[in-house]
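The chain contents come next:
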Amino acid sequence: MASSSRNDKKYDVFVSFRGEDTRDNFTSHLCSALCRQNIQTFIDDQLNRGDEISESLVNAIEASAISVIVFSEGYASSRWCLDELVKILECKKEYAQIVIPVFYRVDPSDARNQTGPFGISFSKLEERFKENPEKLQTWRKALKEAASLSGFHSLNIR
């Protein structure tokens, strides 16, 4: 069993976000602020994606003391975001990783229950994965769990 002390973590913070929603505004500002405080931050700015989240991304999640999940309107339409989310919650259970949800222009209850604009974005993914109900159920459960954690909301930054 891996030790979960902060000192053996490669990163202080892993940021999970939907690139096209927040890369050039909220997420870039968040990362700049963290870096200015000398907080080792992992942000996946690779635009190329395969079918699964990469092993290096899984390793970065496992190597982080804290994960910040930036829930934006399009977050739930991305299978990669949701796979990251599932992995983050596994690390929360296994290594007591701290998980902080940030609701960027999203109502926390919409993220929890996949309703409103957030639900519409999830339904696009549901359509693509209707042959895989187990995967959809895993994602729904992860969204409900993560969006129920205490975090930051009403981040309606323009």
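The structure displayed is predicted, hence computed values, not measured ones.

The sheet built from four strands is open, its strands ordered S2-S1-S3-S4 with parallel pairing. Unpaired on one side and paired on the other, strand S2 (41-43) and strand S4 (98-103) mark the two borders of the sheet. Taken over all neighbouring pairs, the strand axes of this sheet differ in orientation by 20° on average, direction set aside. Here strand S3 (residues 64-71) pairs with S4 via six bridges, running parallel. Looking at the pairing, Phe71 lines up with Phe103 of S4. Across the sheet, helix H1 (residues 19-36) is in contact with strand S1 (11-16), S2, S3 and S4; its angle to S3 comes to roughly 150°. The sheet contacts of helix H3 (residues 79-95) involve S1, S3 and S4, and relative to S1 the element is tilted by about 145°.

Phe71 and Leu85 are the most contacted members of the largest nonpolar core, which totals 35 residues. Elements with a minimum of two residues in this core: S1, helix H2 (55-62), S3, H3, S4, helix H5 (116-128) and helix H6 (133-148). In terms of residue count, the dominant contributor to this core is H3 (eight residues). The residues touching Leu85, leaving out its near neighbours within four places in the chain, are Ile69, Phe71, Tyr75, Ala142, Leu143 and Ala146. The next biggest cluster of nonpolar side chains, apart from the first, holds eleven residues, and it includes Phe17, Phe26, Cys31 and Leu34.

Counted under the stated rule, the structure contains eight salt bridges. Between Arg140 and Glu126 there is a salt bridge whose closest N-O contact spans 2.3 Å. Within this pair, whereas Arg140 is found in helix H6, its partner Glu126 is found in helix H5, the two being separated by 14 residues in sequence. Each of Glu62, Lys87 and Glu90 takes part in salt bridges that share partners, so that together they form one network.

Rules of the game
Residues numbered from 1 in each chain as written. Predicted model: local features only at pLDDT ≥ 70, side-chain atom pairs only at ≥ 80, totals over all residues. Heavy atoms only, no water. Pairing = 2+ DSSP bridges. Helix = DSSP H or I, 4+ residues; strand = E, 2+ residues; numbered from the N terminus. Axes fitted to C-alpha atoms, helices over the stretch in contact; angles between N-to-C directions. Contact = heavy atoms within 4.5 Å. Core = buried A, V, L, I, M, F, W, Y, C linked by side-chain atoms within 4.5 Å. Buried < 20%, exposed > 50% of the residue type's maximum accessible area, 1.4 Å probe, protein only. Salt bridge = Lys/Arg side-chain N within 4 Å of Asp/Glu carboxyl O.

Nothing here speaks to function; it is geometry throughout.
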